[in-house]
Amino acid sequence: MVETEALFSAVLDATADAVMVTDRTGVIRRINPAFEKLTWFDPSMLLGKDARELFSDINDDQFLGELWAEGAAPRHYPQVRSKHADGRAQVHALSMTSVNDAAGQPSQFVAVILSESLQGDINSTEARRVGYDALTNLPDRSILADRVEQNILNAKRANKSIALLVMGLDRFALVNDALGYAAGDQMLREVAERLAKVIRVSDTAARLDGDKFAVMTPIAAIDDSVIVAEKVLNAIKKPFHLKDEEVFVTFSIGISIYPTDGQDFDDLLKDSLSAMQYAKQDGGSQYRFFASDMNAKAKNRLALEKRMRAALVNEEFVLFYQPKVEPSTNRVKGGEALIRWRDPVHGMISPGEFIPVAEETGLIVDIGTWVMRKACFQVKAWQDAGYAPVKMSVNVSSMQFKAKDLLDKVKAALADSKLDAKWLELEITESMLMNDVEGAIARMQAVRDLGCGLSIDDFGTGYSSLSYLGRFPITTLKIDRAFVKDVQDNQNTAEIARAIIGLSRGLNLEVVAEGAELKEHIDFLKENGCDSIQGFFYSKPLEAKDFEAKLTKL
Ligand code: C2E
Ligand code: MG
Ligand code: MG
């Protein structure tokens, strides 16, 4: 038992989530270090107190009554307000679990605030604004330091990165000199407002001192920090109206990244400040990374993004179509539309090179819409020309799939091209579904309700749990190339491929194999009952006119 207590303590001390243990009546018995850090309450101020006090007056009463109700099962509240020692209220999710005694009655309750769920502060009326900058109302350096350290803990656990952007106004002294300090203050307040508007809920904007601000943002890739920096630069570029004058200012931004540039807040701040100095020396109105090789990468990415925008306008994108063949008849039953970029300078660029950047910049949404429309019009044109109809699939990226107007875009593409929905199939990947399974299922169902097919691409390489597969309203599974390429000499891969085909059969799904290059692949897939096969053995992706040549005239 001693061991259990030691283990319990170690877990409580190590976790970044805030944990509070109360007795059955709601009296606080224990809090962990993360809880102290989140609320700034010293344990001596909380232990022995009624936990409801932390939540009263700022949440509705029914919720309060429910929190320590008898016989409570685990409950999760996505949006709860709790008091901070300095008088603010913070918003976060809260999970309540009860520990039952031998008679099955709750003897203790465990309240957990997931650190990731913290959404920021609400100013309660009588708030003492400790930790907040009086002029701009932004968090000050101390809160920023705290948030950065907290995010470093999370990032460490999840193997993620954080960017710290430090920004200084270029030539701010001129504004003060020319228009006076009151106008200068007004500008700083407005800068703060613009900053607060461009950041996401998971980010923190702060004022460091004078004309220096900072933004902390958790990032998945370095480019994410470029996106934030560009947003900030753009937000500041718009004119400020001070004393009936239009005033223009710019920012110099320095960016450092955890873990590559520094391990704690102080290190990161130092690095960002020095990078900011370089940005200023180079003329201002720009961002610089602390690590110099990042600057070159960022430049390339920016150039690619610009060229991609132009490519959409100049119609440099082309769709290729790869046949899906029914192995028993060798007939082309369908196809997959695959985008190519015919760049006038660099020649043909494969999607592997530009799709990831298009995804990061959001351009994928426009590109994806173009792909969908182009494919629909093309397929309808083939039908009108008297070919036996084929079902065409298009790849839908994560951002596109989650966009609110996905359905409208699909509907419009179908209506404008007059293509019957059953000839269009959307390909999505497992990784797009697992974050928010219920939401994903609803979106999938809506696509299915339009009458379109829905397929899971690269099946077997994602992390989807088989238990969900039966709930996904899909029509097709595409076996990833990885399970096809060595079926002929790897017993294990062959078993997996067979299992996926069997699974599709059991769930009444169509099954398509990708990347079949060899006669052996075809023989294996045919023998095991695969419905259709896509791969170089039959054909590479083709230009429209070459694909057309493979279609059957009715
Ligand atoms: P994907 O959707 O899994 O597409 C199949 C890829 O496998 C294509 O590469 C295709 O050319 C290639 N492939 C087909 N048969 C064989 C084979 O027998 N052997 C080998 N080695 N490869 C084969 P591609 O066209 O370069 O596209 C790569 C990926 O880019 C696609 O993978 C898809 O994820 C993405 N992509 C392509 N077009 C679009 C698009 O319009 N929108 C979006 N969001 N993504 C696209
Ligand atoms: Mg695909
Ligand atoms: Mg694929």
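Look above for the structure.
In this text the structure is predicted, and so the values were computed from the model without any measurement. Sequence order as written defines the numbering, with residues in each chain counted from 1. Chain letters start at A and ligand numbers start at 1, both assigned in the order the entries are written. Under the rules for a predicted model, residues below a pLDDT of 70 receive no local features and side-chain atom pairs below 80 are neither given nor counted, while totals for whole chains, interfaces and linings still include all residues. Based on all heavy atoms of the structure, the side-chain values leave hydrogens and waters out of the count.

When the sulfur atoms of two cysteines come within 2.5 Å, that pair is taken as a disulfide. Overall, the coordinates contain 0 disulfides when judged by the stated rule. Here Cys376 is not cross-linked by a disulfide; its sulfur's nearest cysteine counterpart is in Cys452, at 7.5 Å.

A few words on the pattern of salt bridges. By definition, a salt bridge exists where a carboxyl oxygen of Asp or Glu is found within 4 Å of a side-chain nitrogen of Lys or Arg. Per the counting criterion, the structure on display carries 28 salt bridges. The closest approach of N and O atoms between Lys280 and Asp170, which form a salt bridge, is 3.4 Å. Residue Lys280 is found in helix H9 (residues 265-281), and its partner Asp170 is found in the loop between strand S7 (161-169) and helix H6 (172-179); the two are separated by 110 residues along the sequence. Burial status follows relative accessibility: with a 1.4 Å probe on protein chains alone, a residue under 20% of its type maximum counts as buried, one over 50% as exposed, and anything between as partly exposed. When its relative accessible area of 5% is taken as the criterion, Asp170 is described as buried. Note that Glu510 is salt-bridged to Lys391, the shortest N-O span being 2.9 Å. In this pair, Glu510 is assigned in strand S21 (residues 510-514) and Lys391 in strand S17 (residues 391-395), connecting sequence segments 119 residues apart. With a relative accessible area of 21%, Lys391 lands in the partly exposed category. One continuous salt-bridge network, built from bridges that share partners, spans Lys324, Glu336, Lys391, Glu425, Glu427, Lys478, Glu510 and Glu514. Strands are runs of DSSP state E lasting at least 2 residues, helices are runs of H or I lasting at least 4, and numbering of each runs from the N terminus.

Turning our eyes to something else, we now look at H9. Under the 1.5 Å per step criterion, the end-to-end length of H9 is 24 Å for 17 residues, consistent within 8% with the ideal 24 Å. Where H9 is buried, its residues contact helix H5 (141-158), S7, strand S8 (204-209), strand S9 (212-219), strand S12 (251-258) and strand S13 (286-289). Looking one or two residues past H9, Gly283 carries a phi angle of roughly 110°, positive in sign. Expected span of a helix: the number of residues minus one, times 1.5 Å. In this analysis, two residues are considered to be in contact whenever any of their non-hydrogen atoms come within 4.5 Å of each other.

With that settled, consider the coordination of the magnesium ion (ligand 3). Atoms of type N, O and S within 2.8 Å of a metal are treated as its donors, and for Na, K and Ca the window is 3.2 Å; water is not considered, so some sites may appear to be missing partners. Taken together, the protein donors to the magnesium ion (ligand 3) comprise Asp457 (OD), Asp458 (OD), Glu514 (OE) and Glu514 (OE), at separations of 2.1 to 2.4 Å. Mapped onto the sequence, the donors of the magnesium ion (ligand 3) take the spacing D-D-x55-E. Between the magnesium ion (ligand 3) and the magnesium ion (ligand 2), a separation of 4.0 Å is found, and both are coordinated by Asp457. Linking Asp457 in strand S19 (residues 453-459) with Glu514 in strand S21, this pair joins segments that are 57 residues apart in sequence. Residue Glu514 is classed as buried on the basis of its relative accessible area, which comes to 12%.

Remember that the coordinates give geometry; whether it matters functionally is a separate question.
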